Structure formats: C-alpha cells, structure tokens
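Topology and contacts: notes
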Amino acid sequence: MSIINTTDANFDQDVLQADKPVLVDFWAAWCGPCKAIAPTLEELADDYAGRAQIVKVNVDDNPEVAARFGIRSIPTLFVFKGGEKVDTIVGSRPKSEFAALLDKHL
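For the structure given in this document, a descriptive report is provided here. Just so we're clear, the structure is a prediction, and the values are computed from it rather than from any experiment.

A few points about the pairing of strand β5 (residues 84-90)
Residues in a regular strand project their side chains so that they alternate between the two faces of the sheet. By the bridge criterion, six bridges tie strand β4 (residues 76-81) to β5 in an arrangement that is antiparallel. Opposite Lys-81, over in β5, you have Glu-84 as the bridge partner. Counting the residues that bridge the hairpin from β4 to β5 gives two residues, and of these Gly-82 lies at a positive phi of roughly 60°.

Points about the nonpolar core
Phe-11, Val-15, Val-24, Phe-26, Val-59, Ile-71 and Ile-74 are the most contacted members of the largest nonpolar core, which has 18 residues in total. Looking at this core, the elements with two or more residues in it are α1 (11-16), β2 (22-27), β3 (53-58), α3 (63-68) and β4. Ranked by residues supplied to this core, first place goes to β2 with four residues. Residues contacting Val-15, with those up to four places away along its chain left out, are Val-22, Val-24, Val-55 and Phe-80. Counting 16 residues, the second-largest nonpolar core is a separate cluster that includes Ile-3, Ala-45, Ala-52 and Leu-102.

A word on the packing of aromatic side chains
Counted under the stated rule, the structure contains seven aromatic pairs. Seen from their ring centres, Phe-11 and Phe-69 are 5.3 Å apart, and the 50° between their planes marks the pair as tilted. Here Phe-69 lies in the loop between α3 and β4 and Phe-11 lies in helix α1, a separation of 58 residues in the sequence. Between Phe-78 and Phe-80, the aromatic rings sit 6.1 Å apart at their centres with planes inclined by 70°, giving edge-to-face as the arrangement. On the accessibility criterion, Phe-78 (4% relative accessible area) is buried. Put simply, the rings of Phe-11, Phe-26, Phe-69, Phe-78 and Phe-80 touch in pairs and so form one group of aromatic residues. Positioned above the aromatic ring of Trp-27 is the side chain of Lys-56, whose terminal nitrogen or guanidinium carbon lies 5.1 Å from the ring centre. The ring centre of Phe-78 lies 4.2 Å from the NZ or CZ of Lys-85, which sits over that ring.

About the thresholds
- Residues numbered from 1 in each chain as written.
- Predicted model: local features only at pLDDT ≥ 70, side-chain atom pairs only at ≥ 80, totals over all residues.
- Heavy atoms only, no water.
- Pairing = 2+ DSSP bridges.
- Helix = DSSP H or I, 4+ residues; strand = E, 2+ residues; numbered from the N terminus.
- Core = buried A, V, L, I, M, F, W, Y, C linked by side-chain atoms within 4.5 Å.
- Buried < 20%, exposed > 50% of the residue type's maximum accessible area, 1.4 Å probe, protein only.
- Contact = heavy atoms within 4.5 Å.
- Phe/Tyr/Trp six-rings, centres within 6.5 Å; stacked < 30°, edge-to-face > 60°.
- Lys NZ or Arg CZ within 6 Å of the ring centre and 35° of its normal.

Written as structure tokens, this is what we have:
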C-alpha cells in the first residue's frame, strides 16, 4: 500500500474515517526537511502496509486542513487513530522514531 496524497476535500475520509492508525505528513514542495524524510515515509508505507496508513498533505495546496490543525512549521506529522489526533512529531527524524510512534498506536 502506498502513500495517499489527501486534500482539503478528502481529508476526513482518508484520515479521520480510516480503520487503522494514520501517520499524516504536513509538507510543502519548497521544504528541504520535508523532501529529506519523503524516502523514509515511503519505506514506512511498505513496512506498515495493512497495519497503518501514511498520508501526505501539501499545506500550500490544502490550506484548510493545515489551518484546522494549526500547522505552524513543517514537516509536522500527526498520528490519528479512530478519528482523533493521538501523537505529534515536528521536524525531520530518523526512521526508527517514526516507526516507534506508529508502533505505539497499533
């Protein structure tokens, strides 16, 4: 299962109504650290296929969702479970930290 690129219109369906934990990456094309973690997130999407979902939100293209969750710096990553935000990481981190965050909510 690959990464889903969601939008203001599809966010609730893709994230809040998901039947498994969702790691949401709020990013932008001009953000260096966002680009740096992209390959890591691709790996996590493969590692957690069927157990968790990775979703990306481009904050420039989807300002409503970014504003709704008070995104001030990117990359900001949230974990959602059962429609609720349950965890947050701000900034670039090693794969092991993202994995540990997901593991907590499986």
